[in-house]
Amino acid sequence: MDVRRRPVKPLYPSEHISSGEPLKPHNQDSSVKASDALPLPLYLTNGLFFTMFFSVMYFLLHRWREKIRNGIPLHVLNFSELVAMVSLIASVIYLLGFFGIGFVQSFVSKGNNDSWDVEDESPEQFIDRTVTPPPVRRNIPMKSVPVAEKTAQIITPFSSEDDEVVIKSVVEGRIPSYSLESKLGDCKRAAVIRKEALQRSSGKSLEGLPLDGFDYESILGQCCEMPIGYIQIPVGIAGPLLLNGKEFSVPMATTEGCLVASTNRGCKAIYVSGGATSVLFRDAMTRAPVVRFGSAKRAAELKFFVEDPMNFETLSVVFNKSSRFARLQNIQCAIAGKNLYMRFSCSTGDAMGMNMVSKGVQNVLDYLQNEYPDMDIIGISGNYCSDKKPAAVNWIEGRGKSVVCEAIIKEDVVKKVLKTEVATLVELNMLKNLTGSAMAGALGGFNAHASNIVSAVYLATGQDPAQNIESSHCITMMEAVNDGKDLHISVTMPSIEVGTVGGGTQLASQSACLNLLGVKGANREAPGSNARLLATIVAGSVLAGELSLMSAISAGQLVKSHMKYNRSCKDVTK
């Protein structure tokens, strides 16, 4: 008898699919099953052979142990042992045959493009092609969960007809949108189907959103869930930026006209003046959990314990075991009533380090829980870190890489390249970047447009664009030097959060931009040096951007240049 299931058409009404009821084949078209030839019901037969297998195995092992103790050869069998051996072989043959055939058949059915495996698929994956579907539900389940959390059989057909079936199932909610990658086994096909399903359910066209030319496998499980395409952002080059004696061509991804050109002019002014110098004076990523006690006194006791230098070594050992590169530097505490905030600072190698420091913090919290059993851990992050928010603690204490970058611009360069005067720039900087920002109550915003350059470089190099917020904390200083002839300009940025491994840095385009700067991946000889170099390049680029924009404002060129380069009437969609 051929025990393989024959290809059959899906004959199950769609209402069974939506209601979750068991699917029953029609009487005339049900396929023949191997279990039809068994004398007993399938569950009784399986139970019989399972019981036989374990019983005779236990009997034989017990008998063999006695023979070994008495020195009797194992191959000498009596009648009961012979019967047990025959029963064992029979049960093994049955179990291998029953479950082995199902295992092999699952691969056979997966390779068959004419049908889906009826028994191995969950009810939600069956789609009736002969029955009119129920009214379309205009919503697509968009619950974001990791693909690996829900296993599913792979749908192998790749014809447009089968794509249409899957699209309708997504629109009707029978196949969750987030599970397409695991069900189809093809990330690009999943994106195509998801995009089309979204267009149908929303009634809005996504014609201008491209799909081709992107590696969707590279983002699975690490960068973006439920993709429907990718955004095109042009990348320009500013430079060469002469920084610490080396030249860098700085990639900037932006849609703003004049930004790259302006930064490029600043790079030229710095280059012909002899270059810029940068110093990284702090390198520490932070995470600050919040814990609660029954009283403020107990919270204060933990604060004193954590900040005691005698206990730091123990806590650092617990923290550092989480990673080869994580090294705890200090813990700063703050109390609010009976709540305690502990701000952990640590070096993280070439990674930006948020996951690394969080893992180390969790280890310390587990350790402290044993010492302080009445401690209630409210959250791994209590916003005293502070991540992706403007905060005075980052402005004062720093977060990530803290960098200062300076340059002396010659008088003739200020006049010929920047088209302005040294005294004019110094006065404008004092009234705009310093006094004006103070009047506005700025927090770390004592600059002209540092976030412009930071965002552009972050997008080009695969950094977290949301961390532009604290990374753009910057104070720009200008002063006349050399008897008032030359201009000394500096930018101080206490919280540049960058990495050269992990996240978006692994994508092909962003990886190419990091390679252009010479900071791609991890530095094996000096861990952390690539990320530190990238931070100094960001600061140097901000210095160039600040110099050029301030010159344009002082010379009255800002409006004119933006009207020329940033007000195009061309319809780029045609």
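Throughout this description, residue numbers start from 1 for each chain and increase along the sequence as written. In keeping with the model being predicted, local features are shown solely for residues with a pLDDT of at least 70 and side-chain atom pairs are shown and tallied solely at 80 or more, while totals for entire chains, interfaces and linings include all residues. Hydrogen atoms and water are omitted, and side-chain values are computed over all heavy atoms in the structure.

The chain has the name 3-hydroxy-3-methylglutaryl coenzyme A reductase in an unreviewed UniProt entry, where Solanum tuberosum is given as its organism. Quoted verbatim from the Pathway (unreviewed entry) field of UniProt, the annotation for the chain is "Metabolic intermediate biosynthesis; (R)-mevalonate biosynthesis; (R)-mevalonate from acetyl-CoA: step 3/3." UniProt's Subcellular location (unreviewed entry) comment on the chain is quoted here verbatim: "Endoplasmic reticulum membrane". UniProt positions are given in the numbering used here, feature names are shortened, and annotations may be inferred rather than shown by experiment.

A. The arrangement of the overall build of the chain in detail. Numbering of helices and strands starts at the N terminus; helices are DSSP runs of H or I of at least 4 residues and strands are runs of E of at least 2. Within the chain one finds 18 helices and 11 strands. Exposure categories follow from relative accessible area, calculated using a 1.4 Å probe and restricted to protein chains: below 20% of the type maximum is buried, above 50% is exposed, and the middle band is partly exposed. For the chain, with 574 residues in total, the buried portion stands at 42%. Only heavy atoms enter the contact rule, under which two residues are in contact if any of them lie within 4.5 Å. When contacts within the chain are restricted to residue pairs at least 6 apart in sequence, those whose partners lie at least 24 apart make up 72%. As presented, the chain carries roughly 29,700 Å² of accessible surface, and 57% of it is formed by carbon and sulfur atoms. Values of accessible area rely on a 1.4 Å probe in the Shrake-Rupley scheme; residue burial ignores everything except the protein chains shown.

B. View of a nonpolar patch on the surface. There is a patch of nonpolar side chains on the surface, built from Leu77, Leu82 and Val86 and spanning about 260 Å² of accessible area. Tracing the backbone through its elements, the reader meets Val86 in helix H3 (residues 79–111). A patch consists of residues exposed above 30% relative accessible area that lack any salt bridge, with like charges linked at up to 9 Å and nonpolar side chains (Val, Leu, Ile, Met, Phe, Trp, Tyr) linked at up to 5 Å. Salt bridge, as applied in this entry: a Lys or Arg side-chain nitrogen positioned within 4 Å of an Asp or Glu carboxyl oxygen.

C. Focus on helix H16 (residues 508–517). Restricting attention to buried positions, one finds in H16 the residues Gln510, Ser511, Cys513, Leu514 and Leu517. Seen end-on, H16 carries its buried residues on one side only, within an arc spanning 160°. Exposed side chains of H16 directed beyond 90 degrees from the buried face belong to Ala508, Ser509 and Asn515. Just beyond H16, the residue with positive phi is Gly518, at close to 80°. Picture the helix axis, draw a direction to every C-beta atom, and the arc is the one those directions span.

D. Expanded view of the packing of helix H7 (residues 259–272) against helix H17 (residues 529–554). Between N-to-C directions, angles cover 0 to 180 degrees, with each direction set by a line fitted to C-alpha atoms, over the stretch in contact for helices. As a packed pair, H7 and H17 sit with axes 7 Å apart at the nearest point and diverge in direction by 105°. Taken together, H7 and H17 sit at an angle that is classed as roughly perpendicular. Contact residues: H7 offers Ser262, Thr263, Arg265, Gly266, Cys267, Ala269 and Ile270, while H17 offers Ser541, Leu543, Ala544, Gly545, Leu547, Ser548, Leu549, Ser551 and Ala552. The residue makeup of the contact of H7 with H17, split by class, is eight nonpolar, seven polar and one charged. When describing relative orientation, an angle under 35 degrees is termed roughly parallel and one over 145 degrees roughly antiparallel, while 65 to 115 degrees is termed roughly perpendicular and anything else oblique. Three classes are used, and their members are as follows: Ala, Val, Leu, Ile, Met, Phe, Trp, Tyr, Cys and Pro are nonpolar, Asp, Glu, Lys and Arg are charged, and the others, Gly among them, are polar.

E. The environment of Leu534, seen in detail. With respect to the helices, strands and loops of the structure, Leu534 is situated in helix H17. Relative accessible area serves as the criterion here: at 1%, Leu534 is assigned to the buried category. Through-space distance from the C-alpha of Leu534 to that of Leu514 is 8.6 Å; in sequence the pair is 20 residues apart. Filtering out sequence-adjacent residues up to four positions away, Leu534 remains in contact with Gln463, Val498, Gly499, Thr500, Leu514, Leu517 and Val519.

F. Representation of the nonpolar core. As used in this record, nonpolar core signifies buried Ala, Val, Leu, Ile, Met, Phe, Trp, Tyr and Cys residues forming a set joined through side-chain atoms within 4.5 Å. If you look at the biggest cluster of nonpolar residues, it comprises 50 residues, and the most contacted ones within it are Met252, Ile409 and Ile496. The biggest single contributor to this core is H17, with 10 residues. Counting residues in hydrophobic clusters, the runner-up holds 28 residues, among them Val291, Ala299, Phe344 and Val361.

G. Spatial organisation of the pairing of strand S10 (residues 474–481). Following DSSP output, two strands are said to pair if at least two bridges run between them. Bridging between strand S9 (residues 445–446) and S10 involves two bridges; their strand directions are parallel. Within S10, the residue paired with Phe446 across the bridge is Ile475. Direction of pairing for S10 relative to strand S11 (residues 486–496): antiparallel, over a ladder of seven bridges. Each bridged residue has a counterpart across the sheet, and for Met478 the counterpart in S11 is Ile489. Counting the residues between successive antiparallel strands, the hairpin from S10 to S11 contains four residues, one of them, Asn482, with a positive phi of roughly 55°.

H. Structural context of the pattern of salt bridges. Applying the stated rule across the entire model yields 19 salt bridges. Among the ionic pairs, Arg292 bridges to Asp376, the shortest N-O distance being 3.3 Å. Of this pair, Arg292 sits in strand S4 (residues 290–292) while Asp376 sits in strand S7 (residues 376–379), and the two are 84 residues apart along the sequence. Residue class for Asp376 comes out partly exposed when judged on its relative accessible area of 34%. In this structure, the salt-bridge partner of Lys388 is Asp464, at a minimum N-O distance of 2.8 Å. Of the two residues, Lys388 sits in the loop between S7 and helix H11 (392–397) while Asp464 sits in the loop between helix H14 (450–461) and helix H15 (468–471), which places them 76 residues apart along the sequence. Look at Lys388 and you get partly exposed, because its relative accessible area is 33%. Among the charged side chains, a network of salt bridges with common partners joins Asp387, Arg399, Glu470 and Glu497.

I. Region of the structure containing the environment of Asn320. Here Asn320 lies in helix H9 (residues 309–320). Owing to a relative accessible area of 18%, Asn320 belongs among the buried residues under this scheme. When the C-alpha atoms of Asn320 and Asn363 are compared, they prove to be 9.0 Å apart, with 43 residues separating the residues in sequence. In this structure, Asn320 is in contact with Ala326, Arg327 and Leu328, ignoring residues within four places of it in sequence.

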